[in-house]
Amino acid sequence: MASRLRLIASTAPLLESVSVPSRPPQKTYTFAPNSTPRSMARMVFSGFFDRWPNLKIILKEGGFWWMPEFQARVDDFYLNHPGDVQLVERKLETGKKFLDKMPSEYFAENIYTTFQDDWTAFRFADSMNWRRLMWANDFPHSDSTWPWSKDVLDTQTANLSEE
């Protein structure tokens, strides 16, 4: 059964800390992707994907650049700071592992992401499940690659293999 859920990762706390006039394009463009990792960490560490293991999520307009490093950080946090990982109570009480998998495994299996002009997606695709990456040109928004989308893709994919 297909279902659709739209989550909005708010940038308000990040935007309020910057002394720039209210929501100019550079403010939103610069800080918007920073809320996506925080939202994904909450979902992973809450046991969300353990409860719904077949659920797939698409992070649209979140970019890829943050994902390889973020996955390493959440795994490190999970392994090296177990006292700080506040997760599903039932697992704490039974003494089982907090999560059924490593946090990065949820990214590999449950989370897709879209990106546009993001050369890191092609350069570091092997650091995660590259089959979860989806290109978008984000037309008609200001950070769209249109009408140069083909040129951008040709340049950024020049060193990729056929696979």
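All values reported here derive from a predicted model rather than from experimental measurement. (Residues numbered from 1 in each chain as written. Predicted model: local features only at pLDDT ≥ 70, side-chain atom pairs only at ≥ 80, totals over all residues. Heavy atoms only, no water.)

### Points about the overall build of the protein
Here's step 1: For the protein, the count of helices and strands is nine helices and three strands.
Here's step 2: When the elements of the protein are put in sequence order from the N terminus, they spell out α-α-α-α-β-α-α-α-β-α-β-α.
Here's step 3: The buried share of the protein, reckoned over its 163 residues, is 36%.
Here's step 4: The long-range fraction of contacts in the protein, counting pairs at least 24 apart against all pairs at least 6 apart in sequence, stands at 60%.
Here's step 5: Surface accessibility of the protein: about 10,900 Å² in total, with carbon and sulfur atoms responsible for 55%. (Helix = DSSP H or I, 4+ residues; strand = E, 2+ residues; numbered from the N terminus. Buried < 20%, exposed > 50% of the residue type's maximum accessible area, 1.4 Å probe, protein only. Contact = heavy atoms within 4.5 Å. Areas by Shrake-Rupley, 256 points an atom, 1.4 Å probe, with all protein chains shown as cover.)

### What to know about helix α7 (residues 103-110)
Here's step 1: Along α7, the residues classified as buried are Pro103, Ser104, Tyr106, Phe107 and Asn110. One side of α7 carries all its buried residues, which in axial view fall inside an arc of 160°. (Arc of directions from axis to C-beta.)

### Quick notes on the side chain of Asp75
Here's step 1: The topology assignment puts Asp75 in helix α5 (residues 67-80).
Here's step 2: The side chain of Asp75 is buried and forms no salt bridge, while Arg73, the nearest opposite charge, is found at 11 Å.
Here's step 3: Once residues within four sequence positions are removed from consideration, Asp75 is found in contact with Met102, Pro103 and Ser104. (Lys, Arg positive; Asp, Glu negative; His and termini not counted. Salt bridge = Lys/Arg side-chain N within 4 Å of Asp/Glu carboxyl O.)

### Remarks on the packing of α5 against α7
Here's step 1: At their nearest, the axes of α5 and α7 sit 7 Å apart, and the two run at 140° to each other. Taken as axis vectors, α5 and α7 run oblique relative to one another. Listed contacts from α7 to Met67, Phe70, Gln71, Val74, Asp75 and Tyr78 of α5 are Pro103, Ser104 and Phe107.
Here's step 2: For the contact of α5 with α7, a count of residues per class yields six nonpolar, two polar and one charged. (Axes fitted to C-alpha atoms, helices over the stretch in contact; angles between N-to-C directions. Parallel < 35°, antiparallel > 145°, perpendicular 65-115°, else oblique. Nonpolar A, V, L, I, M, F, W, Y, C, P; charged D, E, K, R; others polar.)

### Section: the environment of Ala136
Here's step 1: Among the structural elements, Ala136 can be located in the loop between β3 (133-135) and α9 (149-156).
Here's step 2: Here the alpha-carbon distance between Ala136 and Ser149, two residues 13 residues apart in the chain, equals 9.0 Å.

### Considering the sheet that holds strand β1 (residues 57-59)
Here's step 1: Pairing in this open sheet of three strands is parallel, and the strands run β1-β2-β3 from one edge to the other. The sheet terminates laterally at β1 and β3, the two strands that pair on one side only. Across the sheet, the axes of successive neighbouring strands diverge by a mean angle of 25°, strand direction being ignored.
Here's step 2: Note: β1 against strand β2 (residues 111-115), three bridges, orientation parallel. By the bridge assignment, Ile57 is partnered in β2 with Ile111. (Pairing = 2+ DSSP bridges.)

### Some thoughts on the confidence of the model for the protein
Here's step 1: Taken as a whole, the protein shows an average pLDDT of 75; of its residues, 69% reach a score of 70 or greater.
Here's step 2: Per-residue pLDDT, averaged within each element of the protein, yields its smallest value for helix α1 (residues 12-16) (44) and its largest for α7 (93).
Here's step 3: Predicted confidence for residues 10-20 stays below pLDDT 50, and this span has 18 contacts to residues more than four positions away or in other chains. (pLDDT = per-residue confidence, 0-100.)

### So, the nonpolar core
Here's step 1: Core analysis: the largest hydrophobic core is formed by 26 residues, its most contacted members being Met40, Phe49, Phe64, Trp66, Met67, Phe107 and Ile111.
Here's step 2: Element by element, the count of residues in this core is highest for helix α3 (residues 35-45), at five residues.
Here's step 3: Those residues within four positions of Trp66 in sequence are excluded, and the remaining contacts are Thr36, Pro37, Met40, Leu59 and Phe107. (Core = buried A, V, L, I, M, F, W, Y, C linked by side-chain atoms within 4.5 Å.)

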